[in-house]
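# Inside the fold
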Amino acid sequence: MDEPVIAIEALRKSYGRTQALRGLDLQVRPGEVFGFLGPNGAGKTTTIRILLDLIRASGGTARVLGMDPRREGVPLRRRIGYLEGDFVVDGRQSARELLTYLGNLRGGVPAPRISELADRLHLDLGPRIKTLSKGNRQKVGLVQAFMHSPELLILDEPTAGLDPFLQQEFTAMAREAAAEGRTVFMSSHVMSEVQKTSDRVGIIREGVLVAVDTVESLRTSSTRRVEILFTEPVDPQTFARVDGVSELIITDALLRCRLDGPADALLKAAAAHTVLSITSVEPDLEEVFFDQYANGSRQEAS
């Protein structure tokens, strides 16, 4: 099995009494797009900054591309494309001047490569950066992250300020990078973007990873909505006792509920009656995300 591109074990980071990371464990595989989800303050940006040696961990280990970010930060960063959550640069330069300068720092990026990416993102390279809108500055940030075809892309909120059309173009760029064997690690609040783009998703809650899997597996294992239509009214008590059933509503012959886990027990209870139809709706990633947070809150309360 290939060595993980990112390998994090028991990672901790404290800011005074505040624990931003509380023993985070995470592995990212070569050639995958990994979506890193969590609300503000969950520890996403702290994790990214430790991976890039922009800040130091309080404990645990992190390896990136087989290297220690703390001891080998300079050679490591040559192999990474990074877009920070708030892309801020010298606004006096034009986008072309800035990207050419950054490309030269990396040993030279061909001008046609910069122009190609700018065209894909509908970015005019002529104006000075200080005159650009937030969305256009974000495009400049994406170009500088992708332009040298790095082995690993670390992107913090990569589509902030982009319109839906350009969000789709970013998705295509990320999938192309993965198809070429490169790895994309992206933090995002845009659930639909992560669902379309990512091979796997990790959900971080208060500095701890609470779920990690493919989007499809997370959806399948999460709570889903079920409707069953019978030929005649049924007794609510029969179904209230079924494992995994919650939010049960029965109106005459129509049963509605949420189901957590396998459907076997619910189907066996339903089989005692004549069933006209069954509808099961798997949650989208946004529902999975909030389910994970709700489950975490309930476990802490108990």
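Just above, that's the structure.
The paragraphs below set out a description of the structure included in this document. Every residue gets a number counted from 1 within its own chain, in the order that chain's sequence is written. Given that the model is predicted, a residue must reach a pLDDT of at least 70 before its local features are reported, and side-chain atom pairs must reach 80 or more before they are shown or counted; all residues, however, enter totals for whole chains, interfaces and linings. The side-chain values count all of the structure's non-hydrogen atoms but skip hydrogen atoms and water molecules.

Each patch groups residues whose relative accessible area exceeds 30% and which form no salt bridge, using 9 Å between like charges and 5 Å between nonpolar side chains of Val, Leu, Ile, Met, Phe, Trp and Tyr. Every accessible area reported is derived by Shrake-Rupley at a probe size of 1.4 Å, with residue values counting cover from the shown protein chains alone. Salt bridges are identified by distance alone: a Lys or Arg side-chain nitrogen within 4 Å of an Asp or Glu carboxyl oxygen. Taken together, the side chains of Leu 267, Val 275 and Ile 278 make up a nonpolar region of the molecular surface, amounting to roughly 230 Å² of accessible area. Judged by its relative accessible area of 32%, Val 275 falls in the partly exposed class. Only protein chains enter the area calculation, which uses a 1.4 Å probe; residues under 20% of their type maximum are buried, those over 50% are exposed, and those in between are partly exposed.

Looking now at the environment of Val 194. By the element assignment, Val 194 lies in helix 7 (residues 191–197). Each C-alpha atom of the pair Val 194 and Gly 107 lies 32 Å from the other, and the pair is 87 residues apart in sequence. A run of H or I in DSSP becomes a helix once it reaches four residues, and a run of E becomes a strand once it reaches two; helices and strands are each numbered from the N terminus.

Okay, the pattern of salt bridges next. According to the stated counting rule, one finds 13 salt bridges in the structure shown. For the salt bridge of Asp 53 with Arg 56, the shortest nitrogen-to-oxygen distance reads 2.6 Å. Residue classification places Arg 56 among the partly exposed residues on the basis of a relative accessible area of 38%. Here Asp 90 ties to Arg 92 by a salt bridge, and the two come within 3.1 Å at their closest N and O atoms.

Turning to the packing of aromatic side chains, a few remarks are in order. The aromatic pairing rule takes the rings of Phe, Tyr and Trp, using the six-membered ring of Trp, and pairs them if the centres are within 6.5 Å, calling planes under 30 degrees apart stacked, those over 60 edge-to-face and the rest tilted. Counting across every chain of the model gives 4 aromatic pairs. Seen from their ring centres, Phe 36 and Phe 185 are 5.2 Å apart, and the 40° between their planes marks the pair as tilted. Here Phe 36, found in strand 3 (residues 33–37), pairs with Phe 185, found in strand 7 (residues 183–187); they are 149 residues apart in sequence, far enough to count as distant. Note on Phe 36: relative accessible area 0%, which makes it buried.

What follows concerns the sheet that holds strand 13 (residues 275–281). Taken in spatial order, the 4 strands line up as 11-12-10-13 in an open sheet, and their pairing is antiparallel. Two strands in the sheet have a free side with no partner beyond their single neighbour: strand 11 (245–251) and strand 13. In this sheet, neighbouring strand axes are inclined to one another by 15° on average, regardless of whether the strands run parallel or antiparallel. The pairing criterion for strands is at least two bridges between them, as found by DSSP. Whenever a helix is involved, its axis is fitted only over the stretch in contact; in every case the axis is a line through C-alpha atoms, and angles between N-to-C directions fall within 0 to 180 degrees.

A few words now on unusual backbone geometry. If you check the backbone angles, Ala 10 has positive phi at about 50° while not being a glycine. Looking at where Ala 10 falls in the secondary structure, it is placed in strand 1 (residues 6–15). The phi torsion at Glu 157 lies on the positive side, around 50°, for a residue other than glycine. Relative accessible area serves as the criterion here: at 16%, Glu 157 is assigned to the buried category.

Turning our eyes to something else, we now look at the nonpolar core. Within this scheme, the nonpolar core is defined by two criteria: the residues are buried Ala, Val, Leu, Ile, Met, Phe, Trp, Tyr or Cys, and they are joined through side-chain atoms within 4.5 Å. In this structure, Val 140, Val 143, Phe 146 and Leu 155 are the most contacted members of the largest nonpolar core, which totals 40 residues. Ranked by residue count, the leading element in this core is helix 6 (residues 164–179), at 6 residues. Residues contacting Val 140, with those up to four places away along its chain left out, are Phe 87, Ala 95, Leu 98, Leu 99, Leu 123 and Leu 132. Core analysis: the second largest hydrophobic core is formed by 26 residues, Ile 8, Phe 36, Ile 50 and Leu 51 among them. The contact rule is simple, with two residues in contact once any of their heavy atoms fall within 4.5 Å.

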